[in-house]
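Here is what each chain is made of, one letter per residue.
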Amino acid sequence: MTTATHKTPNESEVVMTELVLPNDTNTLNNLMGGRLLHMMDIASAVCAQRHSRSIVVTASVDNVSFAQPIALGEVVTLKAKVTRAFNSSMEVFIEVTAEDIPNGKLKQSNSAYYTFVAVDDAGKPRRVPEVTPETAVEKSHYEGALRRRQMRLVLANRMKPQEANELKAIFFDE
């Protein structure tokens, strides 16, 4: 089997839809945050698996803000795409919308960046295909991915701040 060296974000796209049921809600009849994070992790992981054709593990999740509550009975749609790939890791952008079907209302609820690492059967990191963005939005996500990656590495103490050249370029004149 040959593996692609480049893939477009559309080749890995995942769209997952869930109905919010009583067992998913808190005492205010809104979707519990932990349940939403669980759904986001699954959709993002499937996306990363599609891109890498590999087992993947969650490495990090960027800031997740709960902008809009999602009510009992609403339909949650999660859309995930790989934005950029590095040696064995992939950044996945996920968007969450909620739809009140009877009233015809759609709202943006959440978005986040997840990072996954592709691993082999022994759990060792393995190379993944590069990402070739096509649309303006995909190119924008791709362009910002290196800065976001450096920020994650600095915050995890895996990179020294002075080595984060993409971040320095934002704050300092070179």
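Our structure's up above, just so we're on the same page.
Residues numbered from 1 in each chain as written. Predicted model: local features only at pLDDT ≥ 70, side-chain atom pairs only at ≥ 80, totals over all residues. Heavy atoms only, no water.

Student: I keep staring at the environment of Arg84 and nothing clicks. Help me out?
Tutor: With respect to the helices, strands and loops of the structure, Arg84 is situated in strand β4 (residues 75-85). Arg84 gets classed as buried once you look at its relative accessible area, which sits at 17%. For the pair Arg84 and Ile55, spaced 29 residues apart in sequence, the C-alpha to C-alpha distance is 17 Å. Within polar-contact distance, the side chain of Arg84 engages the backbone oxygen of Tyr142 at 3.2 Å. (Helix = DSSP H or I, 4+ residues; strand = E, 2+ residues; numbered from the N terminus. Buried < 20%, exposed > 50% of the residue type's maximum accessible area, 1.4 Å probe, protein only. Polar contact = N/O pair within 3.5 Å; in protein donor to acceptor, adjacent residues only side chain to side chain.)

Student: Mind showing me how you'd approach helix α3 (residues 136-155) here?
Tutor: Two residues of an α-helix separated by three or four positions point the same way, owing to the 3.6 residues in each turn. With 20 residues, α3 ought to run about 28 Å at 1.5 Å a step, and its terminal C-alpha atoms sit 29 Å apart, in line with that. Along its length, α3 shows its largest kink, about 35 degrees, at Ala145. Taken residue by residue, α3 has Glu138, His141, Gly144, Ala145, Arg148, Gln150, Arg152, Leu153 and Val154 as its buried positions. Backbone geometry just after α3 places Asn157 at a positive phi near 60 degrees. (Expected span 1.5 Å × (residues − 1). Bend = angle between axes of the 7 residues up to and from the residue.)

Student: Honestly, the sheet that holds β4 in this entry has me stumped. Any pointers?
Tutor: Spatially, the five strands line up as an open sheet ordered β2-β4-β5-β6-β3, and their pairing is antiparallel. Because the sheet does not close on itself, it has two edges, and the strands there are β2 (14-19) and β3 (55-61). Direction aside, the axes of adjacent strands within the sheet are offset by 30 degrees on average. Pairing geometry for β3 and strand β6 (residues 105-119), over six bridges, is antiparallel. When the bridges of β6 are listed, Val56 appears paired with Ala118. On top of the sheet, helix α2 (residues 33-52) reaches β2, β3, β4, β5 (89-100) and β6; it is set at about 40 degrees to β4, its chief contact. Lying on the sheet, α3 is in contact with β3, β4, β5 and β6; it crosses β4 at an angle near 75 degrees. (Pairing = 2+ DSSP bridges. Axes fitted to C-alpha atoms, helices over the stretch in contact; angles between N-to-C directions. Contact = heavy atoms within 4.5 Å.)

Student: Looking at this model, I keep getting lost on the environment of Met151. Mind explaining?
Tutor: Take Met151: it is sitting in helix α3. Considering only alpha carbons, one finds Met151 and Glu166, 15 residues apart in sequence, at a separation of 9.2 Å.

Student: Explain the environment of Gln68 here, please?
Tutor: Looking at the secondary structure, you find Gln68 in the loop between β3 and β4. For the pair Gln68 and Arg126, spaced 58 residues apart in the sequence, the C-alpha separation amounts to 37 Å. Here Gln68 is in contact with Lys107, Gln108 and Ser109, once residues within four sequence places are set aside.

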